Amino acid sequence: MTTVTDGAVRATVDADRALSRFSPRLDGDFPGWFTDFRQAGFDWAMEHGFPTRKDEDWKYTRLEAIGEVPFVPAAPGIDHRLLSTTIDERVGDLGGPRLVFVNGHFAPECSRRAALPNGTTVTSLASALAVGGEQLRWLSRRTPRPYRHAFSALNAAVAEDGALIRVPAGTIIDEPIELAFFSHTGGIPLVSSPRSVILAGPDSAVTIVETHAGTHGDLYWSNGVVEVVLDEGACVEHYTVQDEAETAFHLALMDVRQAQGSRFRSHSVALGSSIARHEVHVSLEGEGSEVDLEGLYLPRGDQQHDNPILIEHMAPGCTSRQLYKGIVDGGAHGVFNGHIIVRPGAFGTDASQTNKNLLLSDHAEVDTRPRLEIFADDVQCTHGAAVGRLDEDALFYLRSRGIPEQEARGVLTYAFAREMVTRCPSAVVRARMEHLIADRLTTGANEPVMDSRLTSEIRSVKGGRSK
Amino acid sequence: MLRIENLHASIGDNQILRGVDLELKAGEVHAIMGPNGSGKSTLAQVLAGSEAYDVTGQVRYEGRDLFALSPEARAAAGVFLAFQHPMEIPGVGNLYFLRTALNSVRKERGLHELSAMDFLALCREKMKLVEMDQSFMGRSVNEGFSGGEKKRNEILQMAILEPKLAILDETDSGLDIDALRVVANGVNALRSPDRAMLVITHHQRLLDYVVPDRVHVMAEGRIVSSGDKELAVALEEHGYAGVGAEVQASRRSAVGVAP
């Protein structure tokens, strides 16, 4: 495991100038409460400023690169019809209900409505605000909590659109709902700030598939926030495919809150972006709730994929599982920063966290950092991290059977990734992910190098308090 | 078919093979016996193309310089090693692995690649030979296989790849008598006038089933004694210490015993 030097570098963001570009647009037709919400986000960001590498949660993210580009918030009004073919190519289409956003703004021409159970809302936030903004006031009461950092506050400051999904009590939606976020800049460095809200009512069930992509070669910054709220007994299955242009920046926050007996599963695959941060914050607020996070990141070239995960066990008898795998090629950098906090009173917590990384090149770098903070008794937490290279003995075994070296490397690399695909419950999404991963691993031109065996270290902490 | 001359192999400062000479003709089965650490497995690994060793000396295989060939090229040319410790490869299906291997080898040999259906038919046929259950095909390569199952899987691979030179590295170790019989039957079924085998074993037991043309004893990185199958019987009776005198003798005279 290699670690970035501790002398943290202050991000070279000219904070005031950069922030001023994010002043909330006042000419939109928004209800008063929403304007207040945006202003509060802006004020928070102005007060706290951008995070820097001195902040523990940001020490690995190459923020400097983002600060160097004069990004401007994307306005609505692009002609989506010209893009629909590109979008279908880059994003795919599962054939069911689908909301497409271009630069963070709803693109109805590319979207598809489908028959959904009574009382279900699947729409864009902007259209919902335009139709009956005052009736959505509950959104401001219900969802926001203290901002995690200036980027999520800035998302709020310029938030205008995103997906709004509300599944009523007891409703089960079988067909996956697709959310596609596509970026196309036309040469202007745009930042898109979609803000999506998914509310799963008591004992409801829904599957959401999020895809993030953009025009190849475009310089843009996607700064999206997704809030997921699970009521008692709700079940949400969530998928993310991050396939942004490799020139882009992608800072995403998924903020999940779970009530009693709810179950949240998330599977993600990250391929794109120059710098990507896939942040997940889950609060297990209700007794017996369960969360299962699985992610595969495949940075190559000089890409950076950062995965800051925070799971808070706040109630008794909750279960959390994390399994993240990285395949890092070229001079790329993969980061897993997994933090579990077991709050006082969260007895009977069962938490596990596993991160495994495969380095395909001498220049590839991985930082893996499991963190456990336990403030309750009768807790079972395990965590393990491994960083290794392709197993030389396995490679020799395959070659001794006649399989050419490059092919043998491909077979072993894909085998490492395959576990993540096979664990993906939805067959249609699994097929899409399988295709994307196979495509990436067979075209990843970098010559893999290896000289040591996969090493692994599994530690286990059981019972009792630990500090 | 195979001529080994003055073969040395080392890892770092650790000299493992110290001048091995051996000749193996088509149709012959030779056994190599010897105590732990005598270099038997290293010899097998080096012949299959392991890059873990620094190697000097000469090995001609069908008149070609074996060391000029990559492991995959050796496989295509008909060299096969049944591993002492077959690798477990999670995430790679056994059937997929076997088919990829066979088609790689067939391609190099100028044969057309087999379709999934044709391969399955071939595989079923060969599995009977080693009395292997079809459920093994759906599993990852050797993952969760018992010792005996792994060894059968090696023999299955050998039967499918149809090598000219098969090297069996302690294929009998850890097998109960039934598994030993199955493995030995598999090996015997592959004996043919144009195929040579090098059988590395600790025990004479396997040689009751797979009767060798010659037996060599390895000690301290070279072959110290060679003879017919009676040598294996003598070893069983007197142990390696019994040939210890010969080890000393061969050292004094500095003459390796050639077959």
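Thresholds, definitions, all that
- Residues numbered from 1 in each chain as written.
- Chains lettered and ligands numbered in written order.
- Predicted model: local features only at pLDDT ≥ 70, side-chain atom pairs only at ≥ 80, totals over all residues.
- Helix = DSSP H or I, 4+ residues; strand = E, 2+ residues; numbered from the N terminus.
- Rg over C-alpha atoms; globule rule 2.2 N^0.38 Å.
- Buried ≥ 20, exposed ≤ 12 C-beta atoms within 10 Å, placed from the backbone.
- Contact = placed C-beta atoms within 7 Å.
- Pairing = 2+ DSSP bridges.
- Axes fitted to C-alpha atoms, helices over the stretch in contact; angles between N-to-C directions.
- pLDDT = per-residue confidence, 0-100.
- Nonpolar A, V, L, I, M, F, W, Y, C, P; charged D, E, K, R; others polar.
- Parallel < 35°, antiparallel > 145°, perpendicular 65-115°, else oblique.
- Left-handed = near helix turned anticlockwise from the far one by under 90°.
- Expected span 1.5 Å × (residues − 1).
- Arc of directions from axis to C-beta.
- Right-handed = clockwise from strand over helix to strand, strands pointing away.

### So, the overall build of chain B
If you tally the helices and strands in chain B, you get 9 helices and 12 strands. Here chain B has a C-alpha radius of gyration of 18 Å; the compact-globule value for 259 residues is 18 Å, and the two agree. Dimensions along the principal axes, computed over C-alpha positions, put chain B at roughly 60 × 40 × 35 Å. Per-residue burial over chain B gives 44% buried out of 259 residues. At a minimum sequence separation of 6, the contacts of chain B that also span at least 24 residues come to 71%.

### Some remarks on the overall build of chain A
If you tally the helices and strands in chain A, you get 10 helices and 23 strands. The buried share of chain A, taken over its 467 residues, is 53%. If you take every contact in chain A between residues at least 6 apart in sequence, the share linking residues at least 24 apart comes to 85%.

### Quick word on the sheet that holds strand E10 (residues 196–200) of chain B
All names here are of chain B. Across the sheet, 6 strands lie side by side as E6-E9-E10-E3-E11-E12; this open sheet has mixed pairing. Edge positions in the sheet fall to strand E6 (79–82) and strand E12 (222–227), since each has one partner strand and no second. Ignoring strand direction, the axes of neighbouring strands in this sheet form an average angle of 20°. Note that strand E11 (residues 214–219) and E12 share 5 bridges and pair antiparallel. Opposite methionine 218, over in E12, you have isoleucine 223 as the bridge partner. In this fold helix H5 (residues 147–161) packs onto E6 and strand E9 (165–169), with an angle of close to 165° to the strand it touches most, E6.

### Quick word on the confidence of the model for chain B
As a general rule, the predicted coordinates of low-pLDDT regions are not to be interpreted in detail. Residues and elements named next belong to chain B. Residues of chain B with pLDDT of at least 70 account for 93%, and the chain-wide mean is 88. Averaged pLDDT values for the elements of chain B fall to 46 in helix H9 (residues 244–253) and rise to 97 in helix H2 (residues 71–76). Scored below 50 in pLDDT, residues 247–259 shows 20 contacts in the model against residues more than four places distant or in partner chains. Confidence estimates for the predicted assembly give a pTM of 0.82 and an ipTM of 0.92.

### Concerning the interface of chain B and chain A
With 22 residues of chain B at the interface, the matching set in chain A holds 16 residues. Elements with a minimum of two residues in the side of chain B that touches chain A: H2, strand E7 (89–93), helix H3 (94–108) and H5 of chain B. Here the residues of the side of chain B that touches chain A sort into 13 nonpolar, 7 polar and 2 charged.

### Overview of the sheet that holds strand E1 (residues 2–11) of chain B
Residues and elements named next belong to chain B. Spatially, the 4 strands line up as an open sheet ordered E2-E1-E4-E5, and their pairing is antiparallel. Because the sheet does not close on itself, it has two edges, and the strands there are strand E2 (14–24) and strand E5 (64–65). With 2 bridges connecting them, strand E4 (residues 54–61) and E5 associate as antiparallel partners. Looking across to E5, one finds that arginine 60 is bridged to aspartate 65. Sitting on the sheet, helix H1 (residues 40–48) touches E1, E2 and E4, and the angle it makes with E2 is about 70°.

### Things to note about the environment of Asp391(A)
Relative to the helices and strands, Asp391(A) resides in the loop between strand E22 (380–388) and helix H8 (392–400). Overall, Asp391(A) belongs to the partly exposed group, with 19 C-beta atoms counted inside 10 Å.

### Some thoughts on the environment of Gly148(B)
Residue and element names in this part refer to chain B. Examined against the element boundaries, glycine 148 turns out to sit in helix H5. For glycine 148, a count of 16 C-beta atoms within 10 Å puts it in the partly exposed group. Residues glycine 148 and leucine 180, 32 residues apart in the sequence, show an inter-C-alpha distance of 8.4 Å.

### Here we look at the packing of H8(A) against helix H9 (residues 405–422) of chain A
Residue and element names in this part refer to chain A. Two elements in contact, H8 and H9, have axes separated by 9 Å at closest approach and are oriented at 130°. In terms of axis orientation, H8 runs oblique to H9. Along this stretch, H8 crosses H9, giving a crossing that reads as right-handed. Contacts between H8 and H9 pair Ala394, Leu395, Leu398 and Arg399 from the former with Glu405, Ala408, Arg409, Val411 and Leu412 from the latter. In terms of residue class, the contact of H8 with H9 is built from 6 nonpolar, no polar and 3 charged.

### Here we look at H3(B)
All names here are of chain B. With 15 residues, H3 extends 21 Å from end C-alpha to end C-alpha; this agrees with the ideal 21 Å at 1.5 Å per step. Three or more residues of H3 are buried, namely Asn94, Phe97, Leu98, Arg99, Thr100, Ala101, Leu102, Ser104 and Val105. Of the surrounding elements, those touching the buried residues of H3 are H2, E7, helix H4 (116–129), strand E8 (140–141) and H5. Directly beyond the C-terminal end of H3, a positive phi value near 80° is found at glycine 110.

### Looking at the pairing of strand E17 (residues 304–313) of chain A
Residues and elements named next belong to chain A. With respect to burial, E17 is a largely interior element, 9 of its 10 residues being buried. With 8 bridges connecting them, strand E15 (residues 275–284) and E17 associate as parallel partners. Each bridged residue has a counterpart across the sheet, and for histidine 281 the counterpart in E17 is leucine 310. Across 10 bridges, E17 lies against strand E19 (residues 333–342) in parallel orientation. In the strand pairing of E19, isoleucine 309 is matched with glycine 338.

### Regarding helix H4 (residues 84–91) of chain A
Residues and elements named next belong to chain A. Within H4 the residues assigned to the buried category are Ile87, Arg90 and Val91. Viewed end-on, H4 has its buried residues packed into an arc of 85°, placing them on one side of the element. Exposed side of H4, more than 90 degrees from the buried face: Thr85 and Glu89 are the residues found there. Next to the buried residues of H4 lie strand E2 (98–102), strand E6 (177–183), strand E9 (205–214) and strand E12 (235–243).

### A word on the packing of H3(B) against H5(B)
When two helices pack together, their arrangement is captured by the angle between the axes and the distance separating the axes. Residue and element names in this part refer to chain B. Remark: H3 packs on H5, axes separated minimally by 10 Å, with the N-to-C direction vectors making an angle of 30°. Considering the relative orientation of H3 and H5, their crossing is right-handed. Here Leu98, Ala101, Leu102 and Val105 of H3 come into contact with H5, specifically with Gln157, Ile160 and Leu161. Looking at side-chain class alone, the contact of H3 with H5 contains 6 nonpolar, 1 polar and no charged residues.

### A closer look at the environment of Gly138(B)
Residue and element names in this part refer to chain B. Following the sequence through the fold, glycine 138 ends up in the loop between H4 and E8. Among the residues examined, glycine 138 registers 9 C-beta atoms within 10 Å and is labelled exposed. Taking the C-alpha atoms as reference points, glycine 138 and leucine 81, 57 residues apart in sequence, are found 23 Å from one another.

### Here's the deal with the pairing of E9(B)
Within a regular beta strand, the side chains point alternately toward one face of the sheet and then the other, so they alternate between its two faces. All names here are of chain B. Burial runs high along E9: 5 of the 5 residues are buried. Of the two faces of E9, both are covered, the one formed by Leu165, Ile167 and Asp169 as well as the one formed by Ala166 and Leu168. Alignment of E6 against E9, held across 4 bridges, turns out to be parallel. Each bridged residue has a counterpart across the sheet, and for leucine 81 the counterpart in E9 is isoleucine 167. Here E9 pairs with E10 via 5 bridges, running parallel. Across the sheet, residue aspartate 169 finds its bridge partner in E10, namely isoleucine 200. Read from E9 through helix H6 (residues 177–190) to E10, the crossover connection turns out right-handed.

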